[in-house]
Amino acid sequence: MDPTFSPALHRQRHEFVINFVKSNQPKKVVDLGCGECSLLKQLKFHHEIELLAGVDIDRAVLEKKMRRLAPLATDYLQPRNDRLRIDVYHGSVTQKDARLKGFDLVTSIELIEHLSLADVKLFSEVVFGYMSPVAVIVSTPNADFNPLFRRISGFRHSDHKFEWSRAEFKSWALKVCLDYGFEVEFTGVGQAPPGYRENVGFCSQIGVFHRLGVREVCNHLCFNDAEDVSSYTLLYSKVYPSLRDNNILRRVLVSRVLHWAEKLGRRWVEEKSEGEGEERHGAPETPLPLDEKQTAACGAAMKSLVEHQEVGELFWADGKGPQESCKLGRCVSVPLFALWGSCPQICALSGSLGNLRQLLMDDGKVKLSPDGSALLLNLHEQDQDDFEDSGYGYAEAPVCPHSVEPEEDWDAYV
């Protein structure tokens, strides 16, 4: 019986790349021979990546599958901290394109066996010489493993031009390292059955290449291409929503500010009513749930609301006087420093109290006091739909560096 693999072999290859990405955190990654874009679809969830590219020779497959790389609804609800751009190109890996130079990681998963040996030489020159990435992952079938597939005669796929033994793969890899200044580690995925492992190795053999430090001597391909070569056709390019976009940053921040201010305001009104024994019209508002840390911060922040009310800074909704404004309800003054000190997300999103004030002043949905030191919140007028209509609702905004950006798990595509 032929060997079986769990998880499936293609998943193991992709998981190998993903584990490498987790450990090394490359910012620019290109997948050569990306095909149906399944690896790209998984990599887009790793927020350390800022530029993700794919190249394939089969334009029809790319045009059919590349749309799966579009942002999901959650990408808008929980924008990334840093930018992500995804580019998909139609072209041959044997041709140069200046847009792919200087990447942190190049992946070539089960690709080179589809090339002629002459094209493998061009592939080596383009990838290791011209593109000159920091790291390259190359996987290819291990011919030593093939005798275990009793139902296969010849190569594993009809389009394979060759399948290398471990010795042949090692010979090619070491020559690449010598020619272009890399070092390589050999490994693989797809374990052989017990008793065969030492003799046949992995089903898919993998070489992980790392560029050595600044090379004193570099192949002439690195320098003799002063012109910008653009051999590939860009079929798809998408920039994901991120907090580097000031408009998105402001919308997320305003959503969190209004949400948190309402928590503080409603609790303050409820506690004030209970303390004074006032009777409210209708059923009392149920306070929004808070965890222990939020409760402690909320208590400190509500104290500042009380203090502001005591010194005459309790406002009314329409600004025309208490008698008319009572129809709309009181507008509680929530000091910005109270929001800043009680909500870590607001603090992280804005970066400073001054940035917070400026971002809120530029948003028409927020009412600030005349001196800009407090947010004016009409508790009776405020409707929860106001938050949801923003497109961001109460989605948990990620904590990020000031002034600009948020992680979610990925599900591997089968």
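Reading the values: rules and limits
- Residue positions within a chain follow its written sequence, with the count starting from 1.
- Two thresholds apply to this predicted model, a pLDDT of at least 70 for residue-level local features and 80 or more for giving and counting side-chain atom pairs, whereas whole-chain, interface and lining totals are computed over all residues.
- Processing note: side-chain calculations cover all non-hydrogen atoms of the structure and skip hydrogens and water entirely.
- A run of DSSP states H or I qualifies as a helix once it reaches four residues; a run of E qualifies as a strand once it reaches two. Both are numbered from the N-terminal end.
- Exposure categories follow from relative accessible area, calculated using a 1.4 Å probe and restricted to protein chains: below 20% of the type maximum is buried, above 50% is exposed, and the middle band is partly exposed.
- For two strands to be treated as a pair, DSSP must find at least two bridges joining them.
- In this analysis an axis means a line fitted to C-alpha atoms, helices contributing only their contacting stretch, and an angle means the value between N-to-C directions, from 0 to 180 degrees.
- Whether two residues touch is decided by their heavy atoms; if any such pair falls within 4.5 Å, the residues are in contact.
- Working rule for helices: expected span equals 1.5 Å times residues minus one.
- By salt bridge we mean one thing: a side-chain nitrogen of Lys or Arg within 4 Å of a carboxyl oxygen of Asp or Glu.
- pLDDT measures the predictor's confidence residue by residue and takes values from 0 up to 100.

### Digging into the overall build of the chain
Looking only at helices and strands, one finds 14 helices and 11 strands in the chain. A buried classification covers 50% of the 414 residues belonging to the chain.

### Let's talk about the sheet that holds strand β3 (residues 85-90)
Taken in spatial order, the 8 strands line up as β6-β7-β5-β4-β1-β2-β3-β8 in an open sheet, and their pairing is mixed. At either end of the open sheet lies a strand with only one pairing partner, and these are β6 (182-189) and β8 (233-239). Across this sheet, the average inter-strand angle for adjacent strands is 15°, counted without regard to direction. Relative to strand β7 (residues 204-211), β6 runs antiparallel, the two being bridged by 8 bridges. For Phe186, the partnering residue across the bridge sits in β7 and is Gly207. In this fold helix α1 (residues 9-24) packs onto β4 (105-109), β5 (135-141), β6 and β7, with an angle of close to 20° to the strand it touches most, β7.

### Things to note about helix α5 (residues 117-131)
In this model, α5 (15 residues) spans 20 Å end to end at C-alpha, consistent with the 21 Å of a helix rising 1.5 Å per residue. Within α5, burial applies to Val120, Phe123, Ser124, Glu125, Val126, Val127, Phe128, Gly129, Tyr130 and Met131. Among the structural elements, β1 (28-32), β4, β5, α6 (166-180), β6 and β7 are those in contact with the buried residues of α5. Within two residues after α5, Ser132 carries a phi angle of roughly 45°, on the positive side.

### Structural notes on the pattern of salt bridges
Under the criterion given, the structure shown has 10 salt bridges. A salt bridge links Glu125 to Lys121, with the nearest nitrogen and oxygen atoms 2.9 Å apart. Separated by 4 residues within a single helix, Glu125 and Lys121 lie in helix α5, roughly one turn from each other.

### Examining the confidence of the model for the chain
Chain-level pLDDT for the chain is 78 on average; 74% of the residues reach the 70-or-more range. Per-residue pLDDT stays below 50 along residues 305-328; that stretch engages in 41 contacts with residues further than four places along the chain or on separate chains. A low-confidence stretch, residues 381-414 stays under pLDDT 50, and its non-local contacts, those more than four residues away or across chains, total 106 contacts.

### Thoughts on unusual backbone geometry
Glycine aside, residues mostly have negative phi angles, and peptide bonds mostly take the trans form. With an omega of -5°, the peptide bond running from Ser6 to Pro7 counts as cis. Even without being a glycine, Gln25 presents a positive backbone phi close to 50°. Structurally, the position occupied by Gln25 is in the loop between α1 and β1. If you check the backbone angles, Ser132 has positive phi at about 45° while not being a glycine. Inspection of the secondary structure assignment puts Ser132 in the loop between α5 and β5.

### Here's the deal with the pairing of β4
Of all 5 residues in β4, 5 are buried; the element is thus mostly enclosed. Side chains of β4 alternate between two faces, with Leu105, Thr107 and Ile109 and Val106 and Ser108 buried alike. Note that β1 and β4 share 4 bridges and pair parallel. Within the sheet, the bridge partner assigned to Leu32 lies in β4 and is Ser108.

### Description of the environment of Ser132
A residue is classified by how much of its surface remains accessible, and Ser132, at 13% relative accessible area, is buried. Considering only alpha carbons, one finds Ser132 and Leu105, 27 residues apart in sequence, at a separation of 9.7 Å.

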